[in-house]
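# Notes for the structure review
Below are the chains, spelled out letter by letter.
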Amino acid sequence: MSDVQQPGDQPRQPSSPETRKRAFKLLFFSLTCLGMGQSLMFANLPPIARELGFSEFHVGAIFMVSAIFWVFCAPMLGRRSDIWGRRPVILVGLIAYATSTAAFGFIIQMALWGWLTVIPAVVLLVLARILYGALGAGTIAAGQAYVADRTSRAERVRAVAGMNAGFSLGVTIGPGVGAALVVFGLLMPFYGIALLALVSAVSLYLMLPEQTPPKGQTMRPRLSPFDRRVWPFLLASIMITTVQALTIQTAAFYFMDVLGLAAAETVQYVGVGLMASAMAAVLAQLAIIPRLNPSAQFLMRIGCVIGIAAYTIFLLADSYGPLVFALVVSGLAFGLARPGIAAAASLSVRQDEQGSVAGLVGATGAAGHVISPIFAMPLYKLDPSLPYLAGVILFVMFGLMVMLNSTIRRAGRSLAEEGQGGPDSPTSL
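Residues numbered from 1 in each chain as written. Predicted model: local features only at pLDDT ≥ 70, side-chain atom pairs only at ≥ 80, totals over all residues. Heavy atoms only, no water.

Attention shifts here to the overall build of the chain. If you tally the helices and strands in the chain, you get 13 helices and zero strands. Along the chain, helices and strands appear, N-terminal first, in the series α-α-α-α-α-α-α-α-α-α-α-α-α. Counting across all 429 residues of the chain, residues that qualify as buried make up 54%. Taking as baseline every contact in the chain between residues at least 6 positions apart, the subset at least 24 positions apart corresponds to 87%. (Helix = DSSP H or I, 4+ residues; strand = E, 2+ residues; numbered from the N terminus. Buried < 20%, exposed > 50% of the residue type's maximum accessible area, 1.4 Å probe, protein only. Contact = heavy atoms within 4.5 Å.)

This part takes up the packing of helix α2 (residues 56-84) against helix α3 (residues 86-112). A pair of packed helices can be characterised by two numbers: the angle between their axes and the separation between those axes. Where α2 meets α3, the closest approach of the two axes is 9 Å, and the angle between their N-to-C directions is 160°. Taken together, the axis directions place α2 and α3 in an arrangement best described as roughly antiparallel. The hand of the α2/α3 crossing is right-handed. On α3, the residues that touch I62, L77, G78, R80, S81, D82 and W84 of α2 are R86, P88, V89 and F104. The class makeup of the residues in the contact of α2 with α3 is six nonpolar, two polar and three charged. (Axes fitted to C-alpha atoms, helices over the stretch in contact; angles between N-to-C directions. Parallel < 35°, antiparallel > 145°, perpendicular 65-115°, else oblique. Left-handed = near helix turned anticlockwise from the far one by under 90°. Nonpolar A, V, L, I, M, F, W, Y, C, P; charged D, E, K, R; others polar.)

To continue, consider the packing of aromatic side chains. The description of an aromatic ring pair rests on the distance of the ring centres and on the angle between the ring planes. Under the criterion given, the structure shown has 14 aromatic pairs. For the ring pair Y311 and Y388, a centre distance of 6.2 Å and an interplane angle of 25° mean the geometry is stacked. On the criterion of sequence distance, the pair formed by Y311 in helix α9 (residues 296-316) and Y388 in helix α12 (residues 386-404) is long-range, its members being 77 residues apart. Residue class for Y311 comes out buried when judged on its relative accessible area of 0%. You can call Y388 buried: its relative accessible area is 0%. Connected via pairs of aromatic rings, a cluster forms that spans Y254, Y311, F314, F334, Y388 and F395. The ring centre of Y146 lies 3.8 Å from the NZ or CZ of R150, which sits over that ring. (Phe/Tyr/Trp six-rings, centres within 6.5 Å; stacked < 30°, edge-to-face > 60°. Lys NZ or Arg CZ within 6 Å of the ring centre and 35° of its normal.)

With that out of the way, let us pick up the confidence of the model for the chain. For the chain, the mean per-residue pLDDT works out to 84, and 89% of the residues sit at or above 70. Taken as a whole, residues 1-14 scores under 50 in pLDDT and shows 40 contacts with residues more than four places along the chain or in a different chain. (pLDDT = per-residue confidence, 0-100.)

Before going further, it helps to examine a positive patch on the surface. Together, R228, R301, R409 and R410 give the surface a local cluster of positive charge. Considering the arrangement of structural elements, one finds R410 in helix α13 (residues 406-412). (Patch = residues over 30% accessible without salt bridge, like charges linked within 9 Å, V, L, I, M, F, W, Y side chains within 5 Å. Areas by Shrake-Rupley, 256 points an atom, 1.4 Å probe, with all protein chains shown as cover. Salt bridge = Lys/Arg side-chain N within 4 Å of Asp/Glu carboxyl O. Lys, Arg positive; Asp, Glu negative; His and termini not counted. Charge placed at Lys NZ, Arg CZ, Asp CG, Glu CD.)

Along the chain, M36 falls in helix α1 (residues 17-52). You can call M36 buried: its relative accessible area is 5%. Taking the C-alpha atoms as reference, M36 lies 5.0 Å from V171; in sequence the two are 135 residues apart. What M36 contacts, discounting residues up to four positions off in sequence, is Y97, G170, V171, I173, G174, V177, I193 and L196.

This next bit is on the environment of D257. The residue D257 is located in helix α7 (residues 231-259) in this model. Spatially, the C-alpha atom of D257 lies 10.0 Å from that of D318, the residues being 61 residues apart in sequence. Setting aside residues no more than four positions away along its own chain, D257 makes contact with Y380 and P384. Among the polar contacts listed, one links the side chain of D257 to the side chain of Y380, at a separation of 2.5 Å. (Polar contact = N/O pair within 3.5 Å; in protein donor to acceptor, adjacent residues only side chain to side chain.)

Once that is clear, we can look at unusual backbone geometry. Located in the positive-phi region is N293, a residue other than glycine, with phi close to 45°. Overall, the relative accessible area of 30% leaves N293 in the partly exposed class.

Grouped together as the largest cluster of nonpolar side chains are 59 residues, with contacts concentrated most on L27, F54, F104, I108, F190 and L204. Listing elements by their share of this core, those giving two or more residues are α1, α2, α3, α4 (118-149), α5 (153-181), α6 (188-207) and α11 (354-382). Residues from two domains meet in this core; each of domain 1 (17-210) and domain 2 (226-412) gives at least three. Discounting chain neighbours no more than four positions away, the residues touching L204 are L26, L27, S30, R87, I90, L91 and L94. Core analysis: the next-biggest nonpolar cluster, separate from the first, contains 55 residues, F255, V270, A296 and A342 among them. (Core = buried A, V, L, I, M, F, W, Y, C linked by side-chain atoms within 4.5 Å. Domains from an automatic or database assignment.)

Put simply, α4 and α11 touch, their axes get as near as 8 Å, and they point 135° apart. As summarised for this structure, α4 and α11 are arranged oblique, according to the angle between their axes. Like other packed secondary-structure pairs, α4 and α11 cross with a definite hand, here right-handed. For the pair formed by α4 and α11, the contact residues are A141, Q144, A145, A148 and D149 on the first element and Q354, G355, A358 and G359 on the second. In the contact of α4 with α11, the residues fall into four nonpolar, four polar and one charged.

A cluster of nonpolar residues, L195, L198, V199, V202, Y205, L206 and M207, forms a patch on the protein surface that exposes about 690 Å² of accessible area. Mapped onto the secondary structure, L206 falls in helix α6.

Structure representation (structure tokens):
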């Protein structure tokens, strides 16, 4: 479907390329802040939890509950951005994220002082993360919709990849930033990231233009996840994000069992591997995709092929080098496939449904982290290689969907086949 203005849409005023580029840079920085906080939590909470006497179940609950709220709230917030406008939802998400992260640090501080016992501390930390999951999800959904509103079909894949790269970059540098800030105190990483998010929110409030007025109650009916234009992309994205989640959740155990490492060695070795994987995803989104400007269909297909190769290497690897190489190759696969899915989903719906579809696709990322523990860890207990065999199978299933599903083929086909996709979207802000 072309991105021509639909009847009933508000009129849009064109803006300069310089203004649009500045707006996209601001959004990139905000998503980088979100990514930094995400990886910071995974890196810093476990050792702090051990010091406080939290069990692995407590730590898992903190992340699991947040992910569940993200799954349900991301589509709603994306829909709200179709009605209220993109900027309000982006700002609410950033402020909620900053508040949640700062509260997280303060609650831990009270527990370290002995003011809170284990159970009250865990409950308060869960509530702090719920704030992030319930409202922070809006920043990514509305941010991607903001970009979709202001790009043509020919630009969509590259622009969506750029926004994804912001989050991936944050995930990559988050542990490093946390390590630098911890010099000033154990909890300073939480406060520092919260401050960066608040600065980002203020910058967006002052400098992010949005000339399109809110649409109020003139919106069409809510976009259903079972809409035939949408559900294939959601299912495909859940497959990919589940594989990505199971990798993160089992990598340390797999390195220990395959290489016979001690706990301290495992932290170092896996940390290097996961950072290399994240850097490969960033490379794909910031360098490969902008240079080649491929179709969404190509990104999904090549991501599938590379993903199958990565998890085959996992199954065959018996030393450190091949295992790290497998992580790098898997990062490249995710860095190509996920923007392809997001861009194809965006191209499959109307202009006034961009927030809704961005929210639905965004929810699948959290869904993968909810689904993966249900089967990944039981499989791992049976045999450490089984989760990675499941990764191969899920990538094969994803590839079959890309090749055989008519909705995915139609939305992801090359622009040449589409006759350049019809008139370009207006570059209004």
